[in-house]
Amino acid sequence: MLSTPDLCDAYEEKVRVLEPIFNNYGGVKSFFGPAVTIKCYEDNSVVKKLVSTPGDGQIIVMDGGGSLRRAILGDMLAEKAAQNGWSGLVINGCIRDVDEIGQTNLGVKAINVHPMKTDKRGIGDLNVAVQMAGQTIKPGEWIYADNNGVIVSADELS
């Protein structure tokens, strides 16, 4: 099983630790994979398209600008991500349908919950560097997440 503390000990010079702002909400508590990044604010249109594509064990890293006014992920998109082989999501924003997402075979880290869905304006940038939780995360970098936190590495760690 993955352990971010062990990875930090073994690869101290290679890892960057995200600030501890995230809570675990998914049915999978420990997950890792290469990042596919999205920058979107109160609009999950790009997320909806992305979770419908093959995930191949990748992690969606969503910079929702830290919005506490809308949920950028709900149970239907989480279920679609799980069905299509995404490993998990790390979300700088809120989610909703917490009980259902907790039963989904998917890792989900987010900063909080909110019952209101996002607007669908078709706005968002895919595969751009995102800044969140004190770090810049680039597409393709490796994300490792568990109950201890979230770390980022330019390279896959063994």
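Residues numbered from 1 in each chain as written. Predicted model: local features only at pLDDT ≥ 70, side-chain atom pairs only at ≥ 80, totals over all residues. Heavy atoms only, no water.

Turning to the overall build of the protein chain, a few remarks are in order. What the protein chain contains, in helices and strands, is four helices and 12 strands. Along the first, second and third principal axes, the C-alpha set of the protein chain runs to 40 × 30 × 30 Å. For the protein chain, the residues scored as buried account for 48% of the 158 residues in total. Considering only residue pairs separated by 6 or more positions, the protein chain has 75% of its internal contacts joining residues 24 or more positions apart. Put simply, the protein chain has 15 plus and 20 minus side-chain charges, and the middle of one group is 9 Å from the middle of the other. (Helix = DSSP H or I, 4+ residues; strand = E, 2+ residues; numbered from the N terminus. Buried < 20%, exposed > 50% of the residue type's maximum accessible area, 1.4 Å probe, protein only. Contact = heavy atoms within 4.5 Å. Lys, Arg positive; Asp, Glu negative; His and termini not counted. Charge placed at Lys NZ, Arg CZ, Asp CG, Glu CD.)

Another point: the pattern of salt bridges. Charged atoms that come close allow side chains of opposite charge to pair. This structure, assessed with the given rule, holds seven salt bridges. Residue D155 is joined to K14 by a salt bridge in which the shortest nitrogen-to-oxygen separation is 3.5 Å. In this pair, D155 sits in the segment after β12 (149–153) while K14 sits in the loop between α1 (4–10) and β1 (15–17), placing the two residues 141 residues apart along the sequence. Note on D155: relative accessible area 39%, which makes it partly exposed. (Salt bridge = Lys/Arg side-chain N within 4 Å of Asp/Glu carboxyl O.)

The subject of this paragraph is the side chain of T4. Within the element layout of this structure, T4 appears in helix α1. At 2.7 Å, the side chain of T4 forms a polar contact with the side chain of D146. Those residues in contact with T4, other than ones at most four positions away along the chain, are Y144, A145, D146, N148, G149 and I151. (Polar contact = N/O pair within 3.5 Å; in protein donor to acceptor, adjacent residues only side chain to side chain.)

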